[in-house]
Amino acid sequence: SIVWIDSLEYFLGTINLYRKIRFINGEISQITYFEEYSNNVKEEKVTNSNGIIQSKRVINFDGNDNMIEELFYSGAGTLLKRTVYTYEGYLLDRVERYNESGVEFERLEYQRF
């Protein structure tokens, strides 16, 4: 059975996603807006069907288009979680996750042989 249907909308003539509308039982349940900024930052805002922001995700990239930081916010704008990505050359080396208080709660380190 179908749980939901997503409608993806792109900027005219590009592959850049502008908005995703999620329908459940034919009704809009949430809308996600995607924005890209010239300083290597991408932002995703999730709103409910009434347009009220439910959450926000901000992603920072380096000059090689590698994700270096991911920030998750509540609808009220409170930082909930921060993830930092570290690279050795072009390969992902370490992922560190921090809670809303800035305390590290998870670390993944990649070892290649």
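Residues numbered from 1 in each chain as written. Predicted model: local features only at pLDDT ≥ 70, side-chain atom pairs only at ≥ 80, totals over all residues. Heavy atoms only, no water.

Peer 1: Is there a simple way to think about the overall build of the chain in this case?
Peer 2: On a plain count of helices and strands, the chain comes out with zero helices and nine strands. For the chain, the α and β elements follow one another from N to C terminus as β-β-β-β-β-β-β-β-β. Relative to the 2.2 N^0.38 estimate, which gives 13 Å for 113 residues, the radius of gyration of the chain is 17 Å and therefore markedly larger than a compact globule would have. Once the C-alpha set of the chain is aligned to its principal axes, its extents read approximately 50 × 35 × 35 Å. Counting only residues that meet the buried cut, the chain has 24% of its 113 residues in that class. Summed over all atoms, the accessible surface of the chain reaches about 7900 Å², with 51% contributed by carbon and sulfur. If you average the places of the 13 positive and of the 18 negative side-chain charges in the chain, the two averages end up 2 Å apart. (Helix = DSSP H or I, 4+ residues; strand = E, 2+ residues; numbered from the N terminus. Rg over C-alpha atoms; globule rule 2.2 N^0.38 Å. Buried < 20%, exposed > 50% of the residue type's maximum accessible area, 1.4 Å probe, protein only. Areas by Shrake-Rupley, 256 points an atom, 1.4 Å probe, with all protein chains shown as cover. Lys, Arg positive; Asp, Glu negative; His and termini not counted. Charge placed at Lys NZ, Arg CZ, Asp CG, Glu CD.)

Peer 1: Just to check I follow, could you spell out the environment of Ile 59 for this structure?
Peer 2: Among the structural elements, Ile 59 can be located in strand 5 (residues 53-61). Residue classification places Ile 59 among the buried positions, given a relative accessible area of 5%. Between the C-alpha atom of Ile 59 and that of Gly 89, which follows or precedes it by 30 residues, the distance is 20 Å. Residues in contact with Ile 59, not counting those within four places in the same chain, are Asn 40, Val 41, Lys 42, Glu 44, Met 67, Glu 69 and Glu 70. (Contact = heavy atoms within 4.5 Å.)

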